[in-house]
Amino acid sequence: MVVRDEGQALCVAEEMEKRAIRMYERALMLTNDPATAAGLREMLCEEQSHLKRFRQMKAQYPIPAEEERLMISAMAADVLFSGGVMEMKREQALSTLEGLYRYAAQSEANAVETYGSFASKCTDPQVHDAFMSIVQEESRHLSALMEKLAKSGEQALK
């Protein structure tokens, strides 16, 4: 994905977080496993926190053209959770905690890569640092998920 500046990066990041939130909210309605539901609520809270941070910064970098905004939104759809809740179901992320962790680990790895790329496009140190802060957060989430999977004998990334 190619973004040119802070405004585009923040617009795509905001859309990514909104999509993640909607997907986790839907997943919560579909899971019957209490442990998986607890894991989903935890991930939902993290995504809501990221969205709040991106929205606060985005106000400083408005995207003027509606066509550009639509293009950026479409780009965000392909970055994370491209299969949505149905993909989560196929990956058993709604029926077992291990499946959720495996699915989330792949998503965290994608987020680390994407947000790191966005940071490299930012000339504003505050926005760059915010993206790098999210990269570090997502990296910690990925490490924690990998540890949980290792303890359960599962492999995270295919």
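Check the entry above for the structure.
Presented here is a report on the structure given in the accompanying data block. Values in this document were obtained by computation on a predicted structure and should not be read as measured data.

### Considerations on the side chain of Glu15
- As for its position among the elements, Glu15 is in helix H1 (residues 6–30).
- We classify Glu15 as buried; its relative accessible area is 12%.
- Among the polar contacts made by the side chain of Glu15, one reaches the side chain of Arg19 at a distance of 2.9 Å.

### Regarding the packing of aromatic side chains
- Per the stated rule, a full pass over the model turns up 5 aromatic pairs.
- For the ring pair Phe54 and Phe131, a centre distance of 5.2 Å and an interplane angle of 35 degrees mean the geometry is tilted. You can see Phe54 sitting in helix H2 (residues 34–58) and its partner Phe131 sitting in helix H6 (residues 125–152), a full 77 residues away along the chain.
- Linked through ring pairs, Phe54, Tyr115, Phe118 and Phe131 together constitute an aromatic cluster.

### Focus: unusual backbone geometry
- Of note, the phi angle at Gln92 is positive, near 60 degrees, even though the residue is not glycine.
- Along the chain, the position of Gln92 falls in the loop between helix H4 (84–90) and helix H5 (97–121).

### A look at the nonpolar core
- Ranked by internal contacts, the top residues of the largest apolar core, which has 22 residues, are Tyr24, Met43, Met88 and Leu100.
- Of all the secondary structure elements, the ones that give two or more residues to this core are H1, H2, H4, H5 and H6.
- Looking at this core, the element that brings in the most residues is H5, giving 7 residues.
- Those residues within four positions of Leu100 in sequence are excluded, and the remaining contacts are Thr36, Gly39, Leu40, Met43, Met88, Gln92 and Ala93.

### Here's the deal with the environment of Thr123
- Along the polypeptide, Thr123 turns up in the loop between H5 and H6.
- Through-space distance from the C-alpha of Thr123 to that of Asp5 is 7.7 Å; in sequence the pair is 118 residues apart.

Conventions adopted
- Throughout this description, residue numbers start from 1 for each chain and increase along the sequence as written.
- Local features are withheld for residues below a pLDDT of 70 in this predicted model, meaning they are given only at 70 or higher, and side-chain atom pairs are given and counted only at 80 or more; totals for whole chains, interfaces and linings count all residues.
- Where side-chain values are given, they derive from all heavy atoms of the structure, hydrogens and water being excluded.
- A helix here means a DSSP run of H or I that spans at least four residues, while a strand means a run of E at least two residues long, and both kinds are numbered starting from the N terminus.
- Categorising residues by exposure relies on relative accessible area from a 1.4 Å probe, with only protein chains included: less than 20% of the type maximum marks a residue as buried, more than 50% marks it as exposed, and the intermediate range marks it as partly exposed.
- The term polar contact refers here to a pair of N or O atoms within 3.5 Å; inside protein, the definition further demands a hydrogen-donor-capable atom paired with an acceptor-capable atom, and it admits residues adjacent in sequence only when both atoms are side-chain atoms.
- Classification of ring pairs uses Phe, Tyr and Trp, with its six-membered ring standing for Trp, and accepts pairs whose centres are within 6.5 Å; under 30 degrees between planes counts as stacked, over 60 as edge-to-face, and the remaining range as tilted.
- Grouping buried Ala, Val, Leu, Ile, Met, Phe, Trp, Tyr and Cys residues that are joined through side-chain atoms within 4.5 Å yields what is termed a nonpolar core.
- By definition in these notes, contact holds between two residues if any of their heavy atoms fall within 4.5 Å.

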